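Inside the fold
If you want the building blocks of each chain, they are given just below.
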Amino acid sequence: MVGQVLESQKINFHEDELPPEGLSHNKALHNTVQCEDYFITRVLIDGGSSLNICPLVTLKTLGKGLHEIMDGVINVKAFNGSQRSTIGEISLCLQMGPTWFDVDFQVIDVPTSYNLLLGWPWIHAARAIASTLKAY
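It should be emphasised that the depicted structure is a prediction, and the values quoted were computed from it without experimental measurement. (Residues numbered from 1 in each chain as written. Predicted model: local features only at pLDDT ≥ 70, side-chain atom pairs only at ≥ 80, totals over all residues. Heavy atoms only, no water.)

**As for the environment of Q83**
Relative to the helices and strands, Q83 resides in strand β7 (residues 83-85). Among all residues touching Q83, those that are not within four sequence positions of it are N75, V76 and K77. (Helix = DSSP H or I, 4+ residues; strand = E, 2+ residues; numbered from the N terminus. Contact = heavy atoms within 4.5 Å.)

Okay, here's the thing in structure tokens:
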């Protein structure tokens, strides 16, 4: 997990966690969360996304079946501009640091560079500001 989660439920970044280019980097913010007995790495936090996305392969890794996905097919626009239909929606309980979140995800069956994508619905619910980096 990036940074250290403190009792005050804040994620802090330390100098030794910055990439070689320092504060001027433009790398994505990834995190690690716990879902039931599984730790999920490569969780992308993207304030530009209007949805929380869960790839189908991640659900299968968690031992979830298609029968657990609720109806609610919608079309989503990918980063490259292409449009895809979701399979449906699933709610997962995630722990990030000391805090648990019930998160509704749109399930897609496409290859991704992330295991989960947390967009502004989660960011707003968590009362987080994912676009700032505080230097010490």
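On we go from here.
**A short note on the side chain of N115**
Of note, N115 is situated in the loop between β9 (99-108) and β10 (116-118). We classify N115 as buried; its relative accessible area is 17%. A polar atom in the side chain of N115 sits 2.7 Å from the backbone oxygen of T41. With sequence-adjacent residues up to four places away left out, N115 is seen in contact with I40, T41, R42, P55 and T58. (Buried < 20%, exposed > 50% of the residue type's maximum accessible area, 1.4 Å probe, protein only. Polar contact = N/O pair within 3.5 Å; in protein donor to acceptor, adjacent residues only side chain to side chain.)

**Here's the deal with the state of the cysteines**
Going through the model one piece at a time under the given rule, you end up with zero disulfides. No disulfide involves C35; its sulfur sits 7.3 Å from the nearest other cysteine sulfur, which is in C93. By relative accessible area, C35 is classed as buried at 1%. No disulfide involves C54; its sulfur sits 8.2 Å from that of C35, the nearest cysteine. (Disulfide = S-S within 2.5 Å.)

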